[in-house]
Amino acid sequence: MPHKDKAASLFRQTTTKPATPHDRTAAAAREIIETEAARRADLTASLKAARLSRDAGKDAPDSPLATDKKNT
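Let us look at the structure shown here. (Residues numbered from 1 in each chain as written. Predicted model: local features only at pLDDT ≥ 70, side-chain atom pairs only at ≥ 80, totals over all residues. Heavy atoms only, no water.)

**Details of the overall build of the chain**
Within the chain one finds two helices and zero strands. Within the chain, the fraction of its 72 residues that count as buried is 0%. Of the roughly 7200 Å² of accessible surface on the chain, a fraction of 59% belongs to carbon and sulfur atoms. (Helix = DSSP H or I, 4+ residues; strand = E, 2+ residues; numbered from the N terminus. Buried < 20%, exposed > 50% of the residue type's maximum accessible area, 1.4 Å probe, protein only. Areas by Shrake-Rupley, 256 points an atom, 1.4 Å probe, with all protein chains shown as cover.)

Written out as structure tokens, the structure reads:
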């Protein structure tokens, strides 16, 4: 029977928690940093798309031109 146990554990996904408090803190920090980086990348991409569409003149009729503003 030990042969089957070895074969089953070979292909089974095992998850282990970090052993030390430092490892747990580092794992939590890494997860937070990755989440924030992904959110920042999404925001950057959406802002870039908005800027490119603005520069292409797609929303020019909806927005007033800079020369139409009053100088007060």
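Here the narrative resumes.
**Here's the deal with the pattern of salt bridges**
A full pass over the atoms with the stated rule returns two salt bridges. One salt bridge in this structure joins Arg39 and Glu36, with 3.0 Å as the shortest N-O distance. One end of the pair, Arg39, and the other, Glu36, are both in helix H2 (residues 21–56), three residues apart, so they sit about a helical turn from each other. Here Arg39 falls in the exposed class, since its relative accessible area comes to 54%. (Salt bridge = Lys/Arg side-chain N within 4 Å of Asp/Glu carboxyl O.)

**Here we look at H2**
Between its terminal C-alpha atoms H2 stretches 52 Å, which fits the 52 Å expected from 36 residues at 1.5 Å a residue. A positive phi of about 90° marks Gly57, the residue just after H2. (Expected span 1.5 Å × (residues − 1).)

These values are about where atoms sit, not about what they do.
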